[in-house]
Each structure stands twice: as C-alpha cells, then as structure tokens.
Amino acid sequence: MRYDRFGLDEAEGCVLVHSLRLVGGRLAKGKVLAAEDIGVLRAEGIREVTALRLDPGDVLEDEAATLIGAALPLEHMRRSEAATGRVNFHATVNGLFTASRETIDALNRIDPAITLATLADHAPVQAGDMVATVKIIPLAVREEALRKAEGLLRSEVAFRLKPFRPHKVVLIATELSSLKTSVMDRTAMNLKRRLEPSGSVLLEEIRIPHDEAQLARALERAMSASDRPDLMIVFGASAVSDPHDVIPAALLAAGGEVEHVGMPVDPGNLLVLGGIGSVPVLGAPGCARSPRENGFDWVLNRILARERPTSFDITGMGVGGLLMEISGRPRPRETVARPQTEIRVGGLLLAAGQARRMGQNGPHKLLAEFDGRPLVRRIAETLVA
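Enquirer: Can you help me understand the pairing of strand S12 (residues 130-136) in this one?
Expert: In terms of residue burial, S12 counts as a mostly covered element, since 6 of its 7 residues are buried. By the bridge criterion, 5 bridges tie strand S8 (residues 86-91) to S12 in an arrangement that is antiparallel. Its bridge partner being in S12, Asn88 is matched across the sheet by Thr133. Across 5 bridges, the pairing between strand S10 (residues 114-118) and S12 is antiparallel.

Shown next, in the form of structure tokens:
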C-alpha cells in the first residue's frame, strides 16, 4: 500500500486518510473515493488529497476487523459490527473473564496493524460489560498478516467467558467475646451481596465458639445435611496465624484437606483454601468482612465460575496482588508515624462571637478602641506580658 498526496486524476479508488469538510457535506476518513467524489472535490476547488492506494491483497480496516473478530470465540458474548476498524466484545452473562496472555501477545506481535486488548485475566464481569476490543490501526492491513492472525486465533483460545453458576453456600462464623454481633451481621450481609451476581444463595449461617472441635463438628453436620452445600465459607473470629490454627486444623479433623494457607494478595493474605470431598471450603481473611475488593474475592469468583483453584493458582497471584488498602483495617500494612509535638498552653484568648449585642450596625466589640487600641489587642498584649 502507498500513503501519499494524490492529484485528483489518480485519486479514484484510493482511501481517504483525513476527513474533508466541504460546502456540500463531508467526506469521512476511510472512504474509498469514487468518481462522483472526485467530481465533488473538483467543484470545491480541491486539487489533491492525502490518501492510501491499496496493493493487491491489502484488506480494508473494517473487513480486516470483521475477519479477526469472527476468529475469536463468541460463547456467552456478543460481537459488534465493525466500525472504524474496531470490533468490540461484550459479556451476555455474569461471569469470569479469562484470557491467555501467551496467545494475545503472539497475536499483537504478528503485525503492528493488528491489535487485541482485553480485560485482565480472571476479571469478574456483568452482562453488558465490554471484555475485549479488536482494533486495526491503519486503514488497511496486509492479507498475509491477516491470515496468520486468523490461523493463530482458530488454533488457540485467546479468551473465554465462564458464566457464574448458582451455588448453595453455608457460612460458619466463629465467635469470641471481643467480636461484636453487629460485625458478624455485616459480614453475612456482605457475603450475600458477593453471591448475588452468580445467583448463589446462603443456605444458612452457623455461629459457634472459636474452637477447633466445634468447628470440625459444624463442618461435618453441613456435609451430612440433606441439602448439602456446594461451598462452605468460614469466617474466624481470630485471623489465621499458622497452618495448624483453628480453621485449617478443624478442616483436617472433619475429613477434609488443606490446599493452601495464605496468599500473595494484600488485603487477603490470611486466606485458607481447602475442601471436603468435592465441596470447596474457604477460610476467609478478616478483610473479607469489608465489601472492598480483596484476595477472598479472587478465589471466590473462580469457585463460582466452577473452577477449583489450587495451591499453584494461589501462589501465582502476586503480580497485581497489591490492592487498595481497606480503611478501618485492624492491622494496616503500613502505619504512618506521626511526630509527637509537645503542646504548652500558657493561656487562652477568647475571641469568638458575632457581637450581636453591639447593635445591628455597631462595631465588633473586640475591635472597639479604648485609649486608641482595639480591645482584642489590649487583651493579647496583657496575655503575652
């Protein structure tokens, strides 16, 4: 393809690079100039245009974007019509968006003309959210590069959308005398809100003392219930401080397994991941009592999308795992040292008030002069002395 300034005698069939505003209307960028367009330009007194002359095999931007878009998956997503070299993908369900960095990077390295941008891997989305966009940068792209890109996308999965599936959830909360009932109530409320996008329901909330044996029995009872849960979440009254602490120890005692204790996401470090049979069990970190995003959300969303996270998955969450601090967190990751300043009070000068008793148009009492000095100045000088 050739990018140049063309005289009107050779401009027919070229692609207009810049929009032209004319007396009789407008010629848009990307328009393939036809004979009637050349006539209009002549009538306007224009003698040359900046345009692109295509070579055999060059593909215009919208056609190229359509071909790339058609090679990408569409399950649980909708695809827009191509416009200005762009095709967008939107979620049609609530779910978890997953992306292959390897495949997307390989696509974006085929030719600078072809680009694909997506949400981050394992980003939760709601129906209607844009999840990916294909953009052809110039007005046309070489067919050779286009075919290579299509081949890659048909052989590798660049991204997919995993719908959230409804889960029946049991919440077990342990209690200590230091934990307020109102805090536990808010915890349950925030968990319900986290479950709403997936259509999941909280079967029951069980409150028991913060004790290994009692927690193990509560887990066993939930597993033996006629309406067995798909997921159990334990909020401990005290944060997990050791792999042998109450929550992981109770999980083992109930016949389960502990997959991982802790995670490289902050807030969210003190999470416990395990399970009993096919039922995942999450020991929630204290920060999950807040509605703000934390590591607990990252793992919960995977489970709601029918993934079964492993220790390998957890240990791979460090990059990007430094999240916004949660205000009011009992143990923030950084304590701001405040300089200690000694305050010595030698006296107080009371100088407030509107002096309404001095009359509507009267002077302010503190500015009233006595022996040529305002009252407030006399008092201040006396105080200093």
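On we go from here.
Enquirer: Would you mind showing me how to read helix H6 (residues 212-224) here?
Expert: An α-helical turn contains 3.6 residues, so a residue and the one three or four places further along point in the same direction. The end-to-end C-alpha distance of H6, which contains 13 residues, comes to 19 Å, matching closely the 18 Å that a straight helix rising 1.5 Å per residue would cover. Among the residues of H6, Leu215, Ala216, Ala218, Leu219, Ala222 and Met223 are the ones counted as buried. Buried residues of H6, viewed axially, fall in a sector of 160 degrees; they line one side. You can read the cap of H6 off the contacts: a side-chain oxygen lies 3.1 Å from the backbone nitrogen of Ala213, and it is on Asp211.

Enquirer: Explain unusual backbone geometry to me, please; I cannot follow it from the model alone.
Expert: Glycine aside, negative phi is the norm for most residues, and most peptide bonds take the trans geometry. The residue after Asp266, namely Pro267, is reached through a cis peptide bond having omega 0 degrees. Along the chain, Pro267 falls in the loop between strand S18 (257-261) and strand S19 (272-276).

Enquirer: Looking at this model, I keep getting lost on the sheet that holds strand S17 (residues 231-235). Mind explaining?
Expert: By definition, the strands of a sheet pair up through backbone hydrogen bonds, in either a parallel or an antiparallel sense. The strand order S16-S15-S17-S20-S19-S18 describes an open sheet built from 6 strands, whose pairing is mixed. Unpaired on one side and paired on the other, strand S16 (201-209) and S18 mark the two borders of the sheet. Looking at each pair of strands side by side, their axes are set apart by 20 degrees on average, direction ignored. Across the sheet, helix H5 (residues 181-195) lies against strand S15 (168-175), S16 and S17, angled at about 155 degrees from S16, the strand it touches most. Packing of H6 onto the sheet brings it into contact with S15, S16, S17, S19 and strand S20 (279-284), and relative to S17 it is tilted by some 160 degrees.

Enquirer: I tried to follow the sheet that holds strand S1 (residues 2-7) on my own but got confused; where do I start?
Expert: Taken together, the 3 strands give an open sheet; going across it, the order is S1-S5-S2, and neighbouring strands pair in antiparallel fashion. Two strands in the sheet have a free side with no partner beyond their single neighbour: S1 and strand S2 (15-16). As paired elements, S2 and strand S5 (residues 48-53) share 2 bridges and run antiparallel to each other. In the strand pairing of S5, Leu16 is matched with Ala51.

Thresholds, definitions, all that
Residues numbered from 1 in each chain as written. Predicted model: local features only at pLDDT ≥ 70, side-chain atom pairs only at ≥ 80, totals over all residues. Heavy atoms only, no water. Buried < 20%, exposed > 50% of the residue type's maximum accessible area, 1.4 Å probe, protein only. Helix = DSSP H or I, 4+ residues; strand = E, 2+ residues; numbered from the N terminus. Pairing = 2+ DSSP bridges. Expected span 1.5 Å × (residues − 1). Arc of directions from axis to C-beta. Polar contact = N/O pair within 3.5 Å; in protein donor to acceptor, adjacent residues only side chain to side chain. Axes fitted to C-alpha atoms, helices over the stretch in contact; angles between N-to-C directions. Contact = heavy atoms within 4.5 Å.

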